[in-house]
Amino acid sequence: MKLLIMGPPGVGKGTQAKGVAAHYGVPAISTGDMFRAIVKEDSPLGHQVQEIMNSGALVPDEITDKIVENRLAQSDAAAGWLLDGYPRAIGQVHALDEILAAAAAEIDAVISLTADTDVLVGRLLKRAEIEGRADDNAETIKNRMKVYHDSTDPLLAIYAQRGLLVEIDGVGSIADVAARITAALDSKLS
Ligand code: AMP
């Protein structure tokens, strides 16, 4: 099973990715988590990524694509995966297409989690208090929303055109949204 999960910042992508991936027995692969791990390494790349993440911008495609390609080549990803937060820009869609073509593999479905922007900004500010994420301050949140709107939202049309998009209302309890996702995927993929 090869899945993507997309949605605006704060919609609960990461939480749902972990649950859905566990449900289907595949690893949840989050580019945001991988970048947070790189930042902790205190290397020149880590410092570069930290600055970008703190501004709410996207890490350049050439760095991101390479990291994803290497991660998907690991043995635990051989049977499938759920990509959380990738692709996020048009160049990344093409890079993923190439990675998949080289492996003669295809995406099974793209989950699009939706919610109202006001709800999301409220959620992110609350998460900032609880988790202390450096990129959850008001200024960065505003920029991440803009980046999502400008760069990532247009990708949904591409996957819709390919007949892969499964739109899910992301407002509700974690369990309710998870149930919606697995029900929609099971009916699409059966
Ligand atoms: P996330 O945890 O998915 O919200 O990602 C946090 C930050 O990591 C983003 O705001 C970007 O700076 C960076 N990031 C995560 N995924 C990507 C990606 N696919 N392309 C570029 N930057 C990314």
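Residues numbered from 1 in each chain as written. Predicted model: local features only at pLDDT ≥ 70, side-chain atom pairs only at ≥ 80, totals over all residues. Heavy atoms only, no water.

*Asks:* So what's going on with the pairing of strand β4 (residues 109-114)? Residues and values would help.
*Replies:* Along a regular strand, successive side chains alternate from one face of the sheet to the other. With five of its six residues buried, β4 lies for the most part within the structure. As paired strands, strand β1 (residues 2-6) and β4 are joined by four bridges and run parallel to one another. Opposite L4, over in β4, you have V110 as the bridge partner. (Buried < 20%, exposed > 50% of the residue type's maximum accessible area, 1.4 Å probe, protein only. Helix = DSSP H or I, 4+ residues; strand = E, 2+ residues; numbered from the N terminus. Pairing = 2+ DSSP bridges.)

*Asks:* Lay out the pattern of salt bridges with the relevant residues and their values.
*Replies:* Enumeration over the complete set of coordinates arrives at six salt bridges. In this structure, R36 engages D33 in a salt bridge whose closest nitrogen and oxygen atoms are separated by 2.9 Å. Taken as a pair, R36 and D33 lie in helix α2 (residues 31-40) at a separation of three residues, close to a single helical turn. With a relative accessible area of 38%, D33 lands in the partly exposed category. With a closest N to O distance of 2.8 Å, R162 and D97 form a salt bridge. Remark: D97 occurs in helix α5 (residues 90-102) and R162 occurs in the loop between α7 (138-161) and β5 (165-169); sequence separation between them is 65 residues. (Salt bridge = Lys/Arg side-chain N within 4 Å of Asp/Glu carboxyl O.)

*Asks:* Tell me about the nonpolar core, and name the residues and values.
*Replies:* The tendency in soluble globular proteins is for nonpolar side chains to be buried side by side. One finds L83, L96 and Y159 to be the most contacted residues of the largest nonpolar core, which totals 32 residues. Of all the secondary-structure elements, those providing two or more residues to this core are β1, α2, α3 (44-55), α4 (61-72), β3 (81-84), α5 and α7. For this core, the leading source of residues is α5, giving five residues. If we skip the residues at most four places from it in the chain, Y159 touches L4, M6, P87, V93, L96, I107, V110, L164 and L165. V11, Y24, V26 and L185 belong to the second-largest nonpolar core, a separate cluster that totals 21 residues. (Core = buried A, V, L, I, M, F, W, Y, C linked by side-chain atoms within 4.5 Å. Contact = heavy atoms within 4.5 Å.)

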